[in-house]
Amino acid sequence: MMPDYEPDGILGDPFARIAQFRLELEQDYPGDKDSDADGVTDLHRFQVYRIEDGKHAILDALRRDREVILVDSDLLRDPTFCITRWYAGILGRDAGLTNFEIGRWMHSPARFSGCMGDAREEAVSM
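What counts and how
Residues numbered from 1 in each chain as written. Predicted model: local features only at pLDDT ≥ 70, side-chain atom pairs only at ≥ 80, totals over all residues. Heavy atoms only, no water. Helix = DSSP H or I, 4+ residues; strand = E, 2+ residues; numbered from the N terminus. Expected span 1.5 Å × (residues − 1). Buried < 20%, exposed > 50% of the residue type's maximum accessible area, 1.4 Å probe, protein only. Polar contact = N/O pair within 3.5 Å; in protein donor to acceptor, adjacent residues only side chain to side chain. Salt bridge = Lys/Arg side-chain N within 4 Å of Asp/Glu carboxyl O.

Student: It is not clear to me how helix H1 (residues 14-25) should be interpreted in this structure. Could you clarify?
Tutor: Three or four residues apart is the spacing at which side chains of an α-helix point the same way, because the helix has 3.6 residues per turn. With 12 residues, H1 extends 16 Å between its outermost C-alpha atoms, agreeing within 8% with the 16 Å of an ideal straight helix rising 1.5 Å per residue. Within H1, the full set of buried residues consists of Pro14, Phe15, Ala16, Ile18, Ala19, Arg22, Leu23 and Glu24. Between the side-chain oxygen at the start of H1 and the backbone nitrogen of Phe15 there is a gap of 3.0 Å, and the oxygen is on Asp13.

Student: Could you clarify how one ought to interpret helix H3 (residues 83-94) in this entry?
Tutor: Along its 12 residues, H3 runs 17 Å from first to last C-alpha, staying within 8% of the 16 Å computed at 1.5 Å per residue. Directly after H3, the chain includes Gly96, whose backbone phi takes a positive value near 80 degrees.

Student: Looking at this structure, how should I read the pattern of salt bridges?
Tutor: Opposite charge on two side chains makes pairing possible when the charged atoms of those side chains draw close. Applying the stated criterion to the full structure yields four salt bridges. The partner of Arg45 in a salt bridge is Asp32, and the shortest N-O contact between them spans 2.8 Å. Of this pair, Arg45 sits in the loop between H1 and strand E1 (46-51) while Asp32 sits in the loop between H1 and E1, and the two are 13 residues apart along the sequence. Since its relative accessible area comes to 8%, Asp32 is described here as buried. In this structure, Asp72 engages Lys55 in a salt bridge whose closest nitrogen and oxygen atoms are separated by 2.4 Å. You can see Asp72 sitting in strand E3 (residues 69-72) and its partner Lys55 sitting in strand E2 (residues 55-60), a full 17 residues away along the chain. On the accessibility criterion, Asp72 (34% relative accessible area) is partly exposed. Among the residues examined, Lys55 registers a relative accessible area of 27% and is labelled partly exposed. One salt-bridge network, in which partners are shared between bridges, spans Asp32, Arg45 and Asp60.

Pasting the structure below:
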């Protein structure tokens, strides 16, 4: 049986890598216009890393006033989990947007699916 990831291996944590890639690809998020973007580049906005108790942490450099957001690691292992939509929902609610407004962002033509897909396979090809 293959382990979920190899923390000391050459790939590191493929689930964290793909989640970070997806989050960076889907920018801008609800409420981004109101955040402090000084010194943050699109490619270095997010850090995703595994912590204890079956969770991954998401650190967003544009949300310096907000605590780290936690996501269940099992969700990142699910190829159908759309991390960008999940994250947009959190930020949209934080920004006081209605569910309709958040949904409009999620379904705009410029958006990709943001789903995790096969993280191991994609991490190898990155």
